Amino acid sequence: MMRWLGLRYWFVFALVCISAPGWGVSLTQVISREYPSFNVSGSRLVVGRDGNVYLATSDYVLRMTRQGTLKLGSKVTYAMNNVSANADGLIGTANAHFSHSVNVWSPTFPLIGTINDFLNNDKVEYFGPCDVQAGKADFYGFDCNQDRIVRVSPAGKMLTAYPTTSTGESYVRRMARFRVWEGGQRFYIGT
């Protein structure tokens, strides 16, 4: 009899604990309204020169304010290595694999122009261009297969190419990243 009373009291105690306010566990299901292949945990985070935040996956770019509002996203060219935005909000993407291109997109994502002047030989390397950075207006794509940085206009036209072999080091077959300092006419390259 004593054993039965003990079990009954434990049962009542467990019932009270489970139903007590503040002691329960609340489960929430979050349903993303973003593009189905958009993977936040696998995305790259970039702050553009326009002050907005950009999250990029392999084929999708999401732009938002620093507060996380005014979100706008779009599917873009596949195999994206990086994204950047200039001061006017134009978006540049570095797309590797078979496209080997730097693409310039308007702030609302229609494609403005494409530069395909990167090494288009997938037997050599899939990853070129490996990076894109925005200057005040122009974009710079790192052609890591030909050891050069290509300057691209906001209209999506190639302006010039700067050899990186003057550094004494080849960046071929490396996913090198770089930064642009237009005022000092310099590139900072990291591997």
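Bear in mind the structure is a predicted one, so any value in this text is a computation, not a measurement.

Draft legend 1. Structural context of the overall build of the chain. Counting secondary structure elements, the chain contains one helix and 14 strands. Each of the 191 residues in the chain was classed as buried or not, and the buried ones make up 42%. For the chain, restricting intrachain contacts to residue pairs at least 6 apart in sequence, the fraction spanning at least 24 positions comes to 42%. With the model as given, the accessible surface of the chain reaches about 11400 Å², and the carbon-plus-sulfur share is 58%.

Draft legend 2. Up close: the sheet that holds strand 4 (residues 72-75). Pairing within the open sheet is antiparallel, and its four strands lie in the order 1-2-3-4. In this open sheet, the two strands that pair with only one neighbour each are strand 1 (44-47) and strand 4. This sheet shows a mean twist of 20 degrees between the axes of neighbouring strands, independent of strand direction. Two strands pair when backbone bridges link them, and strand 2 (residues 53-56) and strand 3 (residues 60-64) are joined in this way by four bridges, in the antiparallel orientation. Residue pairing in the sheet places Val53 in a bridge with Met64 of strand 3.

Draft legend 3. How the structure looks around the pattern of salt bridges. Applying the stated criterion to the full structure yields three salt bridges. The salt bridge partner of Asp59 is Lys75, with a shortest N-O separation of 2.8 Å. Residue Asp59 is found in the loop between strand 2 and strand 3, and its partner Lys75 is found in strand 4; the two are separated by 16 residues along the sequence. Classification of Asp59 by relative accessible area gives buried; the value is 12%.

Draft legend 4. Highlighting the packing of aromatic side chains. Tallied over the entire structure, the rule returns one aromatic pair. An angle of 85 degrees between the planes, with centres 5.5 Å apart, marks the rings of Phe142 and Phe178 as edge-to-face. Note that Phe142 is positioned in strand 10 (residues 139-143) and Phe178 in strand 13 (residues 177-181), a separation of 36 residues in sequence. With respect to class, Phe142 is no different from Phe178; both count as buried.

Draft legend 5. Spatial organisation of the sheet that holds strand 6 (residues 91-95). The four strands lie next to each other as 5-6-7-8, forming an open sheet whose pairing is antiparallel. In this open sheet, the two edge strands, each paired with only one partner strand, are strand 5 (80-85) and strand 8 (111-115). For this sheet, the mean angle separating the axes of adjacent strands, direction not counted, is 20 degrees. Here strand 7 (residues 101-105) runs beside strand 8; their pairing, made up of four bridges, is antiparallel. Each residue of the ladder has a partner; that of Val102, found in strand 8, is Ile115.

Draft legend 6. Summary view of the environment of Asn81. Here Asn81 lies in strand 5. With 47 residues separating them along the chain, Asn81 and Gly128 place their C-alpha atoms 8.6 Å apart.

Draft legend 7. Layout of the pairing of strand 1. Bridge count between strand 1 and strand 2: four bridges; the pairing is antiparallel. By the bridge assignment for strand 2, Val47 is matched with Val53. If you look at the hairpin formed by strand 1 and strand 2, you'll find five residues sitting between the two strands, and Gly51 has a positive phi there, around 90 degrees.

Draft legend 8. Representation of the environment of Ile115 in the model. Looking at the element boundaries, Ile115 is found in strand 8. In sequence terms Ile115 and Val102 are 13 residues apart; their C-alpha atoms lie 5.3 Å from each other. Those residues within four positions of Ile115 in sequence are excluded, and the remaining contacts are His100, Ser101, Val102, Val152, Gly156, Lys157 and Met158.

Draft legend 9. The pairing of strand 2, seen in detail. Taking every second residue as pointing to the same face, both faces of strand 2 are buried, with Val53 and Leu55 on one and Tyr54 and Ala56 on the other. Between the end of strand 2 and the start of strand 3, which pair antiparallel, lie three residues.

Conventions used here
- Numbering of residues begins from 1 in every chain and follows the order in which that chain's sequence is written.
- pLDDT decides what is reported in this predicted model: residues at 70 or higher carry local features, side-chain atom pairs at 80 or more are listed and counted, and totals for whole chains, interfaces and linings draw on all residues regardless.
- Side-chain measures were taken over the full set of non-hydrogen atoms in the model, leaving aside hydrogen atoms and water.
- Comment: elements are numbered from the N terminus, with helices defined as DSSP H or I runs of at least four residues and strands as E runs of at least two.
- Burial status follows relative accessibility: with a 1.4 Å probe on protein chains alone, a residue under 20% of its type maximum counts as buried, one over 50% as exposed, and anything between as partly exposed.
- Residues count as neighbours in contact if any of their non-hydrogen atoms are within 4.5 Å of one another.
- Note on areas: Shrake-Rupley, 1.4 Å probe, and residue coverage restricted to the protein chains presented here.
- DSSP-based pairing: two strands are paired if at least 2 bridges between them are found.
- Every axis corresponds to a line fitted to the C-alpha atoms, with the helix fit spanning only the stretch in contact, and the corresponding angles, defined between N-to-C directions, vary from 0 to 180 degrees.
- By definition, a salt bridge exists where a carboxyl oxygen of Asp or Glu is found within 4 Å of a side-chain nitrogen of Lys or Arg.
- Within 6.5 Å between ring centres, the rings of Phe, Tyr and Trp (the latter by its six-membered ring) count as paired, and their orientation is classed by plane angle as stacked under 30 degrees, edge-to-face over 60, tilted in between.

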